[in-house]
Amino acid sequence: MFSAFRIKARAETSKLDNWGTGWYYKDKVITAAHVIEGCTIYFAEFGKEWYELELIKTDAEADVSVLKFKNKTLVYSPINLKEGKIKEGESIHSFMGVNGQPLVHNFGKFVNKKSDLGSYLSIVHIPAASGASGSAILTDSNKVVGMLIQGYVLPYWQANKEDLKDWCKLFRLKEIKSKEDVKNYWQIVPIRIINEVIKGK
């Protein structure tokens, strides 16, 4: 599916790469802002080739970055994803990079339009790991409804009993006993927020 890409980024003074996932939307490459934070050089893997990207804008608060291909001559023409709508409990899927490896195709469900970690965020349940940040969350008809940015495993270690009670309500679970119960729950930025960043609102 030539709408999703592995993203790597680095600072000019560093030899270490940040890894994430990006996707093509409205002739732009979209990824999570924290994927490229502190970096000055950005690449997207497309058709087994790496192409340099140019940063257009970033919104750290929304965790959204908008980029474009510097070189317009690509091996393949990327396919623009289209905006979609979704209801709680409906199926989702995503093409995502994990730990810098080739894209994998994972499946899950849209859990809740509300989140406790950000007033505008939503919650999904889908297998993911480091490198998946920036992945487009898609409906069964391949329409994008949001972008994956943050999981619940790290917040779990600071959570108290009241937090876990709230999470049970948000996740539609009876109880949470360990981090294994929360590891596949993720925050996503809804597509309406991404559109606002693109438009400069």
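You'll find the structure just up there.
Here the structure is a predicted model, which means the values were calculated and not measured.

J.: Explanation requested: the overall build of the protein chain in the structure shown.
T.: If you tally the helices and strands in the protein chain, you get four helices and 13 strands. Here the protein chain has a C-alpha radius of gyration of 17 Å; the compact-globule value for 201 residues is 17 Å, and the two agree. Projected onto its principal axes, the C-alpha coordinates of the protein chain cover approximately 50 × 40 × 35 Å. In the protein chain, buried positions account for 49% of the 201 residues. Of all intrachain contacts in the protein chain linking residues separated by at least 6 positions in sequence, the fraction that spans at least 24 positions is 63%.

J.: Hey, could you run me through the sheet that holds strand S3 (residues 28–31) in this one?
T.: To summarise the sheet geometry, strands pair through backbone hydrogen bonds and adopt either a parallel or an antiparallel arrangement. Within the closed barrel, the six strands sit side by side as S1-S2-S3-S6-S5-S4. Their pairing is antiparallel. Each neighbouring strand pair of the sheet contributes to a mean axis angle of 40°, computed without reference to strand direction. Strand direction decides the pairing type here: strand S5 (residues 49–59) and strand S6 (residues 64–69), joined by six bridges, are antiparallel. Its bridge partner lying in S6, Leu53 is registered against Phe69. Across the sheet, helix H4 (residues 191–199) lies against strand S2 (18–25), S3, S5 and S6, angled at about 85° from S2, the strand it touches most.

J.: So what exactly am I meant to see when it comes to the pairing of strand S4 (residues 41–46) here?
T.: Remember that side chains alternate between the two faces of the sheet whenever the strand is regular. Sheet topology note: the strand S1 (residues 4–10)/S4 ladder contains four bridges and is antiparallel. Paired with Arg10 across the two strands is Ile41, which belongs to S4. With five bridges joining them, S4 and S5 adopt antiparallel strand pairing. For Tyr42, the partnering residue across the bridge sits in S5 and is Leu53. Counted between consecutive antiparallel strands, the loop separating S4 from S5 contains two residues, among which Gly47 sits at a positive phi close to 60°.

J.: Please clarify how the nonpolar core should be interpreted in this entry.
T.: The nonpolar side chains of a soluble globular protein tend to be buried with one another. Of all hydrophobic cores here, the largest spans 37 residues; its most connected members are Trp23, Ile30, Val64 and Ile194. Element by element, the count of residues in this core is highest for H4, at five residues. In terms of nonpolar packing, the next biggest core, distinct from the first, is built from 14 residues, Ile92, Val124, Ala132 and Trp186 among them.

Rules used in this analysis
Residues numbered from 1 in each chain as written. Predicted model: local features only at pLDDT ≥ 70, side-chain atom pairs only at ≥ 80, totals over all residues. Heavy atoms only, no water. Helix = DSSP H or I, 4+ residues; strand = E, 2+ residues; numbered from the N terminus. Rg over C-alpha atoms; globule rule 2.2 N^0.38 Å. Buried < 20%, exposed > 50% of the residue type's maximum accessible area, 1.4 Å probe, protein only. Contact = heavy atoms within 4.5 Å. Pairing = 2+ DSSP bridges. Axes fitted to C-alpha atoms, helices over the stretch in contact; angles between N-to-C directions. Core = buried A, V, L, I, M, F, W, Y, C linked by side-chain atoms within 4.5 Å.

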